[in-house]
Amino acid sequence: MSEAWQQRLADARAHRQQTERWRTRQVAKSNTLDFAGNDYLGLAQDPRVSEAQAAGAHRYGAGAGASHLVSGHLEVHDALEEALAHWTGRERALLFSTGYMANLGVLQALADRHTALFQDRLNHASLIDGAALSGARSRRFHHRDAIDLESLLARSECAHKLVVSDGVFSMDGDIADIATLAEVSRQHNAWLMIDDAHGVGVLGDNGSGCVGSTWNSTDVPILVGTLGKALGTAGAFVAGDAELIEHLIQFSRSYIYTTAQPPAIAAATLKALEIVQSEPERRDQLNANIAYFRHEALQLGLPLSESATPIQPLILGDETRTLSWTLQLQQKSIQVGAIRPPTVPKGESRLRVTLSAHHQHDDIDQLLAALHHCQQQEALCSPCV
Ligand SMILES: *Cc1c(COP(=O)(O)O)cnc(C)c1O
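Positions within a chain are numbered from 1, following the residues in the order the chain's sequence is written. Predicted model: local features are reported for residues with pLDDT of at least 70 only, side-chain atom pairs are reported and counted for 80 or more only, and whole-chain, interface and lining totals are derived from all residues. Where side-chain values are given, they derive from all heavy atoms of the structure, hydrogens and water being excluded.

Draft legend 1. Spotlight on the site of the ligand. Close to the ligand lie 14 residues, the nearest being Gly99, Tyr100, Asp195, His198 and Lys229. Backbone polar atom of Gly99 to an oxygen atom of the ligand: 2.7 Å apart, as the coordinates give it. Between the ligand and Lys229 there is a distance of 2.7 Å, counted from an oxygen atom to a side-chain nitrogen or oxygen. Alone, the ligand offers 380 Å² of accessible surface; in the complex the protein occludes 81% of this. It is helix 5 (residues 99-110) that contributes the most residues to the shell around the ligand, three residues altogether. Under the scheme applied, nonpolar residues are Ala, Val, Leu, Ile, Met, Phe, Trp, Tyr, Cys and Pro; charged residues are Asp, Glu, Lys and Arg; polar residues are all the others, including Gly. Across the shell around the ligand, the residue classes break down as two nonpolar, nine polar and three charged. We call a residue near a given molecule or strand whenever any one of its heavy atoms falls within 4 Å of it. Nitrogen and oxygen atoms within 3.5 Å of one another constitute a polar contact, given that in protein one can donate a hydrogen and the other can accept it, and given that sequence-neighbouring residues count only through two side-chain atoms. Every accessible area reported is derived by Shrake-Rupley at a probe size of 1.4 Å, with residue values counting cover from the shown protein chains alone. In this text, helices come from DSSP runs of H or I with a minimum length of four residues, and strands from runs of E with a minimum of two, each type numbered from the N-terminal end.

Draft legend 2. Representation of the packing of helix 7 (residues 146-155) against helix 8 (residues 178-187). Every axis in this analysis is a line fitted to C-alpha atoms, fitted for helices over the stretch in contact. Angles between the N-to-C directions lie between 0 and 180 degrees. Closest axis-to-axis distance for the helix 7/helix 8 pair is 10 Å, and the angle between their directions is 15°. Taken together, the axis directions place helix 7 and helix 8 in an arrangement best described as roughly parallel. Two packed elements cross with a definite hand, and for helix 7 against helix 8 that hand is right-handed. Here helix 7 contributes Ala146, Leu149, Glu150 and Leu153 to the contact with helix 8, which in turn contributes Thr180, Leu181, Val184 and Gln187. Throughout, the term roughly parallel applies to angles under 35 degrees, roughly antiparallel to angles over 145, roughly perpendicular to angles from 65 to 115, and oblique to all others. Should the near helix be turned anticlockwise from the far one by less than a right angle, the crossing is termed left-handed; should it be turned clockwise, right-handed. Residues are treated as being in contact if the distance between any of their heavy atoms lies within 4.5 Å.

Draft legend 3. Quick look at the pairing of strand 10 (residues 334-339). For two strands to be treated as a pair, DSSP must find no fewer than two bridges joining them. One ladder, built from three bridges, connects strand 1 (residues 33-35) with strand 10; its direction is parallel. Bridge pairing in strand 10 links Leu33 to Ile334. Of the pairings in the sheet, the one linking strand 10 to strand 11 (residues 349-354) comprises three bridges and is antiparallel in character. Bridging across to strand 11, Ala338 finds its partner in Leu351.

Draft legend 4. Quick look at empty space enclosed by the protein. Here a cavity is any set of points on a 1 Å grid over the protein atoms alone where a 1.4 Å probe fits but cannot get out, and a pocket is any open set with protein on both sides within 12 Å along at least 5 of 7 lines; a residue lines the site when it has an atom within 4 Å of a point. Grid points are joined across faces, edges and corners, and a volume is the space filled by probe spheres set on the points. Within the structure shown, the criterion is met by one cavity of 30 Å³ or more. The computed volume of the largest cavity comes to approximately 40 Å³. For the largest cavity, the full set of lining residues is His68, Leu95, Phe96, Ser97, Ser254, Tyr255, Thr258, Thr259, Ala260 and Gln261.

Function-wise, these values are silent; they only describe arrangement.
Structure (structure tokens):
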């Protein structure tokens, strides 16, 4: 590596280290209690889903062998798209290899510099990156603030406006006000896109998400869902009217220029989708776990945010404190997300606890005891006032 490059990379890493934003990864251990993942219904480990995946691999092979528009679009992909469209009450759905790619692909295919994008300030990184890739003029409105959105829309003279929001916000767990977003978008002749990555499988009728069957494609023309979270597999989809989907097939570069998802994953996802719809008790169990955790955490006086979803953030403020709590939990083999800037604004570092239907009461009790211990340690260390 040239000296100039070496210096540039070293400077960037040093800066990240100084600001306590250094990220580390760990090989997941089987004896760890996982309160960091997104497997909300426990389907990633469900033997019926793994068996469907194995059967898919035997039938179709290990990989798709080509992109969808060449020869990689297999009948199992097609069947999954149809099932996803039916589930979300849309005419058609289109499979992408990841949610990140779906968001890049939708924004790049729909928007250009003659388009104005309006994004919630807390939208997922993939939506922000998609906006940059599209070259559109992008504005961010205050989180869940329809009045701010409305004033930005009113000031825009652009003929093509697109409002974009997460359905469930990934770092806060709160839910977008779809009714208001749909209404404001309609009034200003804007299209609405909702990324319901954390809502599908978890919220709504049949687990179809916070948009799903509740809001039709007139209210929410562009719906994105991911398959690596509550569905337990991998990939993503865009659901909408047939014309939208055809447009994406023609123009979405992250759809066109990539190998189709391995067919075995699509086979596993079909099985997971069947379970999501036929076993509502998984959502009941998840909601019972959320209610139990919240009740107990509030009793302990933990700094819990308002959230009705599996994402339950504890806002600790600074990065050092967040890291300290995370390490103490790790020592007890409990994994939670340590979320720090630049993922969240400065001063809003947090532990991101995520709950799943597969957690037992005893697991949640262990987490609560460990969190309580962190609180007590702090009380001992800080001087009395
Ligand atoms: C996780 C997530 C994505 C990315 O999905 P992947 O399939 O993991 O690439 C996109 N949007 C939101 C809101 C997410 O939480």
